[in-house]
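# Summary of the model geometry
Spelled out from the first residue to the last, the chains are:
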Amino acid sequence: MNIQADLTPQLPEGRWALFLDIDGTLLEHAAHPDAVSVSDELRQLLQTIEHRLDGAIAFITGRSIAAVDHLFDPLKLRIAGLYGLEHRLLPDGEIEAADAPADMAALADEIELELASKAVYVERKGPVLAIHTRAAPQLLARATELVEAALSRLPQGYRVIAGNAGVELMPLEAAKGAAIRRFMQLDPFTGRRPVFLGDDTSDENGFDTVNAAGGISIRVKPQGETAARFAIEDVASAIAWLEANFGEPVAQTARGNLVA
């Protein structure tokens, strides 16, 4: 963990590209993914940032693109969904999607049969299977056992990632860092310094990528080791930091507490 005490009163002058996780970063977590909502103020802030950065902003999320569009409607941004298995490279562009292996549905049925009645939510996201245990944290270990045991039944190239309040089964190519690198090769991101805000284990790959590119990596409410160079204490502070640094003229002093 190599977190610096603070960022400086404002971001250094430069051309920035902004990448944002959603749950736990822009929105507080809920027991069920559908239980969250987006305020008009957050939509307006993101739209303002998109304008100020000439479009160099993208969601990098574990949610599907369809789910994000529904959540943020009518706002649409560039996005990598399902940890980079889906892409929309233009706000109004087509969605590049990935197929799910045939065994995934049967696996989800089995896990749901054992755990869903115990306040665990099994989310089917095509090639990604997410087991949410926020409402039943005592079952995280059991959920992890079930998805690890299922690896042998799926095609090669799948992995298990345990998060703050759940566990996910996903293809190896599902990596937020790879999604960030892809955007950085395209206009309007190319030639800019990347900034990435995330809050969970699945964001660590993105932090590594941004660090290697000389950018700024920020983990919201970090728990344990992280590759992020900076930390910010909670969702409200993350939004305040974004508003101060990207929602207002660059010369204005930044607010939002980055902590060690």
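The structure contained in this document is the topic of the report that follows. (Residues numbered from 1 in each chain as written. Predicted model: local features only at pLDDT ≥ 70, side-chain atom pairs only at ≥ 80, totals over all residues. Heavy atoms only, no water.)

## Examining the side chain of Ser64
Put simply, the rule reads: Secondary structure counts use DSSP, requiring at least four H or I residues in a row for a helix and at least two E residues in a row for a strand, with both numbered from the N terminus. Under the rule applied, a polar contact is a pair of N or O atoms within 3.5 Å (in protein, one hydrogen donor and one hydrogen acceptor; residues adjacent in sequence only if both atoms are side-chain atoms). Contact between two residues is taken to exist if any of their heavy atoms lie within 4.5 Å; hydrogens are not considered.
Take Ser64: it is sitting in the loop between β2 (57-60) and α2 (65-72). A polar contact of 3.1 Å, which involves the side chain of Ser64, links it to the backbone nitrogen of Ala67. For Ser64, the residues in contact, after removing those within four places along its chain, are Leu82 and Glu86.

## Considerations on the sheet that holds strand β7 (residues 158-162)
Let me state the cut-off plainly: Strands are treated as partners if at least two bridges between them are detected by DSSP. Note on geometry: axes are lines fitted to C-alpha atoms, helical ones only across the stretch in contact, with angles between N-to-C directions running from 0 to 180 degrees.
Spatially, 4 strands are ordered β5-β6-β8-β7 in an open sheet, and the strand pairing comes out antiparallel. Only two strands of the sheet have a single neighbouring strand rather than two, namely β5 (121-125) and β7. Strand-to-strand twist across the sheet, computed as the mean angle between neighbouring axes with direction ignored, equals 15°. Bridge analysis of β7 against strand β8 (residues 166-171) gives 5 bridges, and the strand direction is antiparallel.

## Some details on the packing of aromatic side chains
The cut-off we apply is this: Aromatic pairs are defined between Phe, Tyr and Trp rings, using the six-membered ring for Trp, whenever the two ring centres lie within 6.5 Å; interplanar angles under 30 degrees are classed as stacked, those over 60 as edge-to-face, and all others as tilted. Think of it in three bands: residues with accessible area under 20% of the maximum for their type are buried, residues over 50% are exposed, and the middle band is partly exposed, with areas taken using a 1.4 Å probe on protein chains only.
Going through the model one piece at a time under the given rule, you end up with 6 aromatic pairs. Pairing Phe19 with Phe183 gives two aromatic rings, centres 6.2 Å apart and planes at 40°, and the pair type is tilted. Of the two residues, Phe19 is situated in strand β1 (residues 16-20) and Phe183 in helix α5 (residues 176-184); the sequence distance between them amounts to 164 residues. In this structure, Phe19 and Phe183 share a single accessibility class: buried. Centroid distance Phe196 to Phe207: 5.3 Å. Interplanar angle 45°. Geometry classified as tilted. Taken together, the positions of Phe196 in strand β9 (residues 193-198) and Phe207 in helix α6 (residues 204-212) put the pair 11 residues apart, joining distant regions of the chain. Residue Phe196 shares its accessibility class with Phe207, and that shared class is buried. Joined through ring pairs, the aromatic side chains of Phe19, Phe183 and Phe189 make up one cluster.

## Some words on the packing of helix α1 (residues 40-52) against helix α7 (residues 235-246)
Cut-off, in case you're wondering: Each crossing gets its hand from how the near helix is turned against the far one by less than a right angle, where anticlockwise is left-handed and clockwise is right-handed. Amino acid classes used here: Ala, Val, Leu, Ile, Met, Phe, Trp, Tyr, Cys and Pro are nonpolar; Asp, Glu, Lys and Arg are charged; the rest, including Gly, are polar.
Running from N to C, α1 and α7 cross one another at 35°; their axes reach a closest spacing of 10 Å. The hand of the α1/α7 crossing is left-handed. Contacts between α1 and α7 involve Leu42, Leu45, Ile49 and Arg52 on the former and, on the latter, Ile239, Leu242, Glu243 and Phe246. Residues that form the contact of α1 with α7 fall into these classes: 6 nonpolar, no polar and 2 charged.

## A closer look at the pattern of salt bridges
Pairing between side chains of opposite charge can happen when the charged atoms of each approach one another. What counts here: A pairing counts as a salt bridge when a side-chain nitrogen of Lys or Arg comes within 4 Å of a carboxyl oxygen of Asp or Glu.
In total, this model carries 14 salt bridges according to the counting rule given. Its salt-bridge partner being Lys176, residue Asp21 comes within 3.0 Å of it at the nearest N-O pair. Of the two residues, Asp21 is situated in the loop between β1 and α1 and Lys176 in helix α5; the sequence distance between them amounts to 155 residues. Summarising the burial analysis for this pair, Asp21 and Lys176 share the class buried.

## Digging into unusual backbone geometry
The residue after Asp73, namely Pro74, is reached through a cis peptide bond having omega 10°. Tracing the sequence through the fold places Pro74 in the loop between α2 and β3 (78-81). The step from Asp187 to Pro188 runs through a cis peptide bond, and the omega angle for that step is 5°. Here Pro188 lies in the loop between α5 and β9. Despite not being glycine, Asp54 shows a phi value in the positive range, around 55°.

## Some thoughts on the packing of helix α3 (residues 103-115) against helix α4 (residues 140-149)
So the rule is basically this: Each angle is binned into one of four classes, with values under 35 degrees roughly parallel, values over 145 roughly antiparallel, values of 65 to 115 roughly perpendicular, and all other values oblique.
With their axes 11 Å apart at the nearest point, α3 and α4 run at an angle of 155° to one another. Comparing their axes, α4 and α3 come out roughly antiparallel. By crossing handedness, the relation of α3 to α4 is classed as right-handed. Within the contact between the two elements, α3 uses Ile111, Glu114 and Leu115 and α4 uses Arg142, Ala143, Leu146 and Val147. Looking at side-chain class alone, the contact of α3 with α4 contains 5 nonpolar, no polar and 2 charged residues.

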